[in-house]
Amino acid sequence: MVITIDGPVASGKSTIARLLAQELGFYYLYTGLLYRGLAAILVTHYGYNETQLKHPRKEDLDALLTGNRFEYRYEDGEPQIYFEGKAITGLLKTREVDNWSSISSADPAVRHAVLERQVSIGKLYNVVADGRDTGSVVFPDAVCKIFLTASLEVRAARWQRDQERLGKLFSLDESMQIVAERDERDRTRSHSPLVQAVDAYVVDNTTLSREETVSIIKAHVLKALS
Ligand code: C5P
């Protein structure tokens, strides 16, 4: 069984999806982490620049994604990316990786490769998946689809706080600009853009706490199951 939570940058998808997965005893699939891991490795291991990230070479993607060199794991309640046996998750939330993943994720070959990983995880477990196209493209038959959103200002403030935790300071204006730019790229790409699936429930959490958001989503899940 699959539950999907899609939405724009910093709408709280990962926090909420992880809490929901814990409460339901489901596997948490943070699909953005796959895009982040792939982009970060293409830059740091394969020496890509931003222009090359727009269209990664097929042989690099094949070399990276064949076998277990690149792995997504959900361990002890934490989503992790492993590269050649080492967890690299701690390196994947920086502003640079935000940007790299948002560039390479527009490429159809990257999306195809990541889609395969997501689908195979969905066959193995009961999953809560979050991302941009999990309800519209990856898991069209998901039992319950949520589109989670919040105002740009609130999302930018969340992103700003996350960056602050990493020791990076941005003003609210800068954060709003950066978040809006990533949203724009996700919404306007031709392949699997960020869209609200027609059968998704919209949850706007601008003024909601995490607990309130989870409980609203749980109510939608229960309704979908009944
Ligand atoms: O969700 P998160 O912000 O961590 O995702 C990082 C980037 O990966 C996004 O900016 C987006 O470009 C891309 N992404 C995507 N499709 C998904 C999940 C993430 O294109 N399902």
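In this text, all values refer to a predicted model and were calculated from it rather than measured experimentally. (Residues numbered from 1 in each chain as written. Predicted model: local features only at pLDDT ≥ 70, side-chain atom pairs only at ≥ 80, totals over all residues. Heavy atoms only, no water.)

### Brief notes about the domain arrangement of the protein chain
Operational definition: Residue ranges for the domains originate in an automatic or database domain assignment. Every residue pair with non-hydrogen atoms within 4.5 Å of one another is taken to be in contact. Summed over both partners, the accessible area (1.4 Å probe) lost when two parts come together is defined as the buried area. For this document, the term salt bridge refers to a Lys or Arg side-chain nitrogen within 4 Å of an Asp or Glu carboxyl oxygen. Under the rule applied, a polar contact is a pair of N or O atoms within 3.5 Å (in protein, one hydrogen donor and one hydrogen acceptor; residues adjacent in sequence only if both atoms are side-chain atoms). The classification used treats Ala, Val, Leu, Ile, Met, Phe, Trp, Tyr, Cys and Pro as nonpolar, Asp, Glu, Lys and Arg as charged, and all other residues, Gly among them, as polar.
The domain architecture assigned to the protein chain consists of domain 1 (1-26 + 126-226) and domain 2 (30-125). At the junction of the two partners, domain 1 supplies 26 residues and domain 2 supplies 25 residues. Summed over both sides, the interface of domain 1 with domain 2 buries roughly 2,000 Å², with 51% coming from carbon and sulfur. Summed over the shared surface of domain 1 and domain 2, the result is three salt bridges. Here Asp98 ties to Arg182 by a salt bridge, and the two come within 3.2 Å at their closest N and O atoms. Linking domain 1 to domain 2 there are eight residue pairs in polar contact (both at pLDDT 80 or more). The class makeup of the residues in the side of domain 1 that touches domain 2 is 11 nonpolar, eight polar and seven charged.

### With respect to the packing of aromatic side chains
Stated formally: Two aromatic rings, drawn from Phe, Tyr or Trp (for Trp, its six-membered ring), form a pair once their centres lie within 6.5 Å of each other, and the interplanar angle then sorts them: stacked below 30 degrees, edge-to-face above 60, tilted otherwise. When accessible area is computed with a 1.4 Å probe and restricted to protein chains, residues below 20% of their type maximum are described as buried, those above 50% as exposed, and intermediate ones as partly exposed. Cation placement over rings: the criterion is NZ of Lys or CZ of Arg within 6 Å of the ring centroid and within 35° of the ring normal.
Counting across every chain of the model gives six aromatic pairs. Considering the side-chain rings of Tyr28 and Tyr30, the 6.2 Å spacing of their centres and the 15 degrees angle between planes classify their relative orientation as stacked. This pair shows no difference in class: Tyr28 is buried, exactly as Tyr30 is. Above the face of the Tyr82 ring, Arg73 is positioned so that its terminal group lies 3.6 Å from the ring centre.

### Digging into the site of the ligand
How we decide: Here a residue counts as near a molecule or strand whenever at least one of its heavy atoms sits within 4 Å of it. For accessible areas, the Shrake-Rupley method is used with a probe of radius 1.4 Å. Any residue's cover is judged against the shown protein chains and nothing else. The way it works is that DSSP assigns letters per residue, a run of H or I at least four long becomes a helix, a run of E at least two long becomes a strand, and they are numbered from the N terminus.
The environment of the ligand is formed by 15 residues, the closest being Tyr30, Arg36, Arg111, Arg182 and Asp186. In this structure, an oxygen atom belonging to the ligand sits 2.9 Å away from a side-chain N or O atom of Ser105. A distance of 3.0 Å separates a nitrogen atom of the ligand from a polar atom in the side chain of Asp133. Out of a free accessible area of 450 Å², the ligand has 97% covered by protein chains. Broken down by secondary-structure element, the contributors of at least two residues to the shell around the ligand are helix H2 (31-44), helix H5 (95-104) and helix H9 (172-188). Here the shell around the ligand takes four residues from H2, the largest share from any one element. Partitioning the shell around the ligand into residue classes produces two nonpolar, six polar and seven charged. Looking at the shell around the ligand, you find at least three residues from each of domain 1 (1-26 + 126-226) and domain 2 (30-125).

### Thoughts on the pairing of strand S3 (residues 70-75)
How we decide: Two strands qualify as a pair provided that DSSP identifies no fewer than 2 bridges between them.
Residue alternation in S3 divides its side chains into a buried set, Phe70, Tyr72 and Tyr74, and an unburied set, Glu71, Arg73 and Glu75. Pairing analysis gives six bridges linking S3 to strand S4 (residues 78-83), with the strands arranged antiparallel. Each residue of the ladder has a partner; that of Arg73, found in S4, is Gln80.

### Considerations on the pairing of strand S7 (residues 144-149)
The element S7 is largely enclosed, with a buried count of six among its six residues. Alternating residues of S7 divide into Cys144, Ile146 and Leu148 and Lys145, Phe147 and Thr149, and every residue in both groups is buried. Pairing analysis gives four bridges linking strand S1 (residues 2-6) to S7, with the strands arranged parallel. Of the residues in S7, the one forming a bridge with Ile5 is Ile146. In this sheet, strand S8 (residues 201-204) lies alongside S7 in parallel orientation, the contact comprising four bridges. Along S8, the bridge assignment pairs Phe147 with Val202.

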